[in-house]
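What follows is the residue order along each chain.
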Amino acid sequence: MSLIAVQNLAVTYGGRRVLNDVSLTLDPGEIVTIVGPNGSGKTSLFRAIIGATDAAKGNISLQPGLKIGYVPQRLHIDPTLPITVERFMRLTERVSRARCAEALVSAGVPDLLKRQMAQLSGGQFQRVLLARALINRPDVLLLDEATQGLDQPGSAAFYQQIETVCRKTGCAVLMISHELHVVMSASDRVICLNGHICCEGTPAVVASAPEYRALFGIGTGGALALYRHHHDHDHDHSHSHEAAE
Amino acid sequence: MLDDFMTRATLAGVGVAFAAAPLGCFVVWRRMAYFGDATAHAAILGVALSLAFEVSIFPGVLAVALAMALSVTLLAGRGYAMDTLLGVLAHSALAFGLVAVSFLSGVRIDLMAYLFGDILAVSRIDLLIIWGGAVLVIGLISWRWSALLTSTLNEELAYASGLNPNREQLILTLSLAITVAVAIKVVGVLLIAALLIIPAAAARGLARTPEDMTVIAAAIGATSALVGLRGAYVFDTPAGPSIVCFAAIIFAAFNLVGRRSKNRA
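Note that the structure is predicted; figures quoted are calculated from it, not measured.

About the criteria used
- Residues numbered from 1 in each chain as written.
- Chains lettered and ligands numbered in written order.
- Predicted model: local features only at pLDDT ≥ 70, side-chain atom pairs only at ≥ 80, totals over all residues.
- Heavy atoms only, no water.
- pLDDT = per-residue confidence, 0-100.
- Helix = DSSP H or I, 4+ residues; strand = E, 2+ residues; numbered from the N terminus.
- Contact = heavy atoms within 4.5 Å.
- Buried area = accessible area lost by both parts, 1.4 Å probe.
- Salt bridge = Lys/Arg side-chain N within 4 Å of Asp/Glu carboxyl O.
- Polar contact = N/O pair within 3.5 Å; in protein donor to acceptor, adjacent residues only side chain to side chain.
- Buried < 20%, exposed > 50% of the residue type's maximum accessible area, 1.4 Å probe, protein only.
- Patch = residues over 30% accessible without salt bridge, like charges linked within 9 Å, V, L, I, M, F, W, Y side chains within 5 Å.
- Areas by Shrake-Rupley, 256 points an atom, 1.4 Å probe, with all protein chains shown as cover.

### Topic: the confidence of the model for chain B
All names here are of chain B. Per-residue confidence for chain B gives a mean pLDDT of 88, with 93% of residues at or over 70. Model confidence for chain B, summarised as mean pLDDT per element, is weakest for helix α5 (residues 111–116) at 82 and strongest for helix α11 (residues 210–235) at 95. Quick note on the complex model: pTM equals 0.85, ipTM equals 0.82.

### Considerations on the interface of chain A and chain B
Think of interface size as the accessible area that goes away when the parts come together; that is how it is often given. With 25 residues of chain A in contact, the opposing surface of chain B contributes 22 residues. Taking both partners together, chain A and chain B bury about 2200 Å²; carbon and sulfur atoms supply 58% of that area. When the buried surface of chain A facing chain B is broken down by residue, A:Leu81, A:Pro82 and A:Leu91 rank first, second and third, together holding 26% of it. Run the count over chain A and chain B and you get four salt bridges. In this structure, A:Arg87 engages B:Glu211 in a salt bridge whose closest nitrogen and oxygen atoms are separated by 2.7 Å. Where chain A meets chain B, there are ten residue pairs in polar contact (both at pLDDT 80 or more). When residues of the side of chain A that touches chain B are traced back to their parent elements, those giving at least two are α1 (42–50), β5 (68–71) and α2 (85–89) of chain A.

### A short note on unusual backbone geometry
Residues and elements named next belong to chain A. The backbone of Asp-21 shows a phi angle near 50°, a positive value even though the residue is not glycine. Not every positive phi belongs to a glycine, and Arg-137 is a case in point at roughly 45°. In this structure, Arg-137 sits in the loop between α4 (122–134) and β6 (140–144). Residue classification places Arg-137 among the exposed residues on the basis of a relative accessible area of 52%.

### Details of a nonpolar patch on the surface
All names here are of chain B. A grouping of Phe-5, Leu-120, Tyr-233, Val-234 and Phe-235 is seen on the molecular surface, where their side chains present a nonpolar patch of about 540 Å² in accessible area. The dominant element in the nonpolar patch, judged by the number of residues it contributes, is α11, at three residues. In this structure, Val-234 sits in helix α11. Residue Val-234 is classed as exposed on the basis of its relative accessible area, which comes to 53%.

Now the structure itself:
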């Protein structure tokens, strides 16, 4: 059975239909990426899946007892709110300090427990969000453009980390990303969204689909090249530039 | 012991400070300061209505404050900027309240007592209501603590954790109405927001976690009530404003000390 099954979903915002007839499924262990231009309804789709937005039509079924780890697009912490990384990690889950530390290690940011959230760099902050999402061993990880504000090597390393963690734990991933060339190599399937589903399939199939090219233009030739490049020879992926953060 | 008016006043001040501390922190974190003001200003309308219908002040104020807070929440989704909306509602409620009071011929009421509080006239029944309200507010907020904190940080995060941020907002709105209703006797309509915000703001620099900040804010609020009342007694100044003045002095002092130690480091 699928973890998430969306059937013929339509979502309306202030009289404007932002999503129409969207169907998709996410199976255990799968990594699926949603790509699409701005205003294509990607975030609305996520909000509908977590129950923050009502469906105008269609339905969304989650596997009973499904544990969702959610990494938001941007999390603004008001400067008047003091909160340490440790406290933030234990916000909704009652977990031990050891589990917090372990989750931070697997997200690639050990030793941050006692720091204030407001003092973290952009990359550290996103990784703490990832660690928090992973802490209750979720069945599904939802990432909404989780690398906004990171530079390209930074976000490549971030997605690499997600792939490593999720392949190890068997956690499925549904993510939204602008950075096709970065995420494609890690994805099992890519769904191209623009109010409706334009095309979907393996990264190579989508990257060469005419619908996809119509949306993203000629720059995508480069994306495909990069995708192939990632796959036809093996680089050292230790990403030592992370130390600079 | 409760026969002494100063003892009753002190207990009332401390009770309100305890209720205001956790709520004040959320008001500061969620940038709802003006929202607190609006709810408090509406309370004067509640006073007028209570007197007109000859019911006790507390239920009247509670009902109007709650109605005000709920209508602000509802109207906020309709396209007006929040600060404009609150500016319109808060000051019209205050104006309508003042006008309504003037219609109450036959009843001689001391308007100043409701605008600035009359903590020295707190009765045993008032004390019971204040502490009952404080316990209720603290209970509500501690019961929903994690959920409130998560919703304050990020709406989507709350939804993904199976929470409903709208329901949590309602809990805060309800707590705010209760706090306004019990604080009106202590600091009055015009200074309730000060008692919510100043201790929380003063506590910010000393706190590392949200829980720290709440406890420190409660300590600052209670100290302000004690010292402010004592000052009012010694210097013969109005009690409610004296409490707020002392809280403001603590805020200024903590900021100066905080800045100096930061410069040294």
